[in-house]
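If you want the building blocks of each chain, they are given just below.
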Amino acid sequence: MHKILLFTIALFAFLSVNAQDEETAIRATLQNYLDGSSYSNLEQITSAFYPEADLFLSKKDQELWVLSPQEYADLFKNREQGKFNGRVGKILSIDQSHNIALAKASIEIPSRSMMFIDIFLLKKLAGEWKIISKAATLLPEQKS
């Protein structure tokens, strides 16, 4: 009985550590995207995505704006790379099951009074977490 209890405790400890390692890896992928878009680093942005991912974005007067990771990164190409551009990203939640994950982040651009919520679908591919889809919405401006 003692051996079964020890085995059970060891198994739960292993699963807990493994889950933490996976969440750390997911966070690193998301942070790569967030930092890349905050510092106009095109390579960092695209490295977070599966190359054929679809990004479903918000755009004024357009109900649905779909871009590839490269097209999205190209939106930052005329900005100074490595210089903070005013975008503040924050990971709000991660829900991971085996080799897929759902994550949510906020993107704030205070200078333009804009706040986006991004939802990410990630998949572990060839041992690396990649964003395979992203949807974003621009929240209505809050009146003070």
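In what follows, the accompanying structure is described. (Residues numbered from 1 in each chain as written. Predicted model: local features only at pLDDT ≥ 70, side-chain atom pairs only at ≥ 80, totals over all residues. Heavy atoms only, no water.)

1. Focus on the packing of aromatic side chains
So, step 1. Under the criterion given, the structure shown has five aromatic pairs.
So, step 2. Aromatic pair Y72 and F76: ring centres 5.4 Å apart, planes at 65 degrees, arrangement edge-to-face. Like Y72, the residue F76 is buried in the burial classification.
So, step 3. Stacked on the ring of W65, the Lys or Arg K59 has its end atom at 4.4 Å from the ring centre. (Phe/Tyr/Trp six-rings, centres within 6.5 Å; stacked < 30°, edge-to-face > 60°. Buried < 20%, exposed > 50% of the residue type's maximum accessible area, 1.4 Å probe, protein only. Lys NZ or Arg CZ within 6 Å of the ring centre and 35° of its normal.)

2. Overview of the nonpolar core
So, step 1. Ranked by size, the top nonpolar core spans 30 residues in total, and within it L30, Y33, F49, Y72, F120, L122 and I131 carry the most contacts.
So, step 2. Sort the elements by how many residues they give to this core and strand β4 (residues 100–109) lands first, with five residues.
So, step 3. What Y72 contacts, discounting residues up to four positions off in sequence, is Y33, S37, I45, L55, L57, L67, R87 and K134. (Core = buried A, V, L, I, M, F, W, Y, C linked by side-chain atoms within 4.5 Å. Helix = DSSP H or I, 4+ residues; strand = E, 2+ residues; numbered from the N terminus. Contact = heavy atoms within 4.5 Å.)

3. Notes on the sheet that holds strand β6 (residues 128–138)
So, step 1. The six strands lie next to each other as β2-β1-β6-β5-β4-β3, forming an open sheet whose pairing is mixed. Strand pairing shows two members of the sheet lacking a second neighbour, β2 (62–67) and β3 (88–97), which therefore form its edges. On average, adjacent strands in this sheet sit at an angle of 20 degrees to one another, irrespective of strand direction.
So, step 2. Note: β4 against strand β5 (residues 114–125), 10 bridges, orientation antiparallel. Within β5, the residue paired with E108 across the bridge is M115. (Pairing = 2+ DSSP bridges. Axes fitted to C-alpha atoms, helices over the stretch in contact; angles between N-to-C directions.)

In short, shape yes, function no, at least from these values alone.
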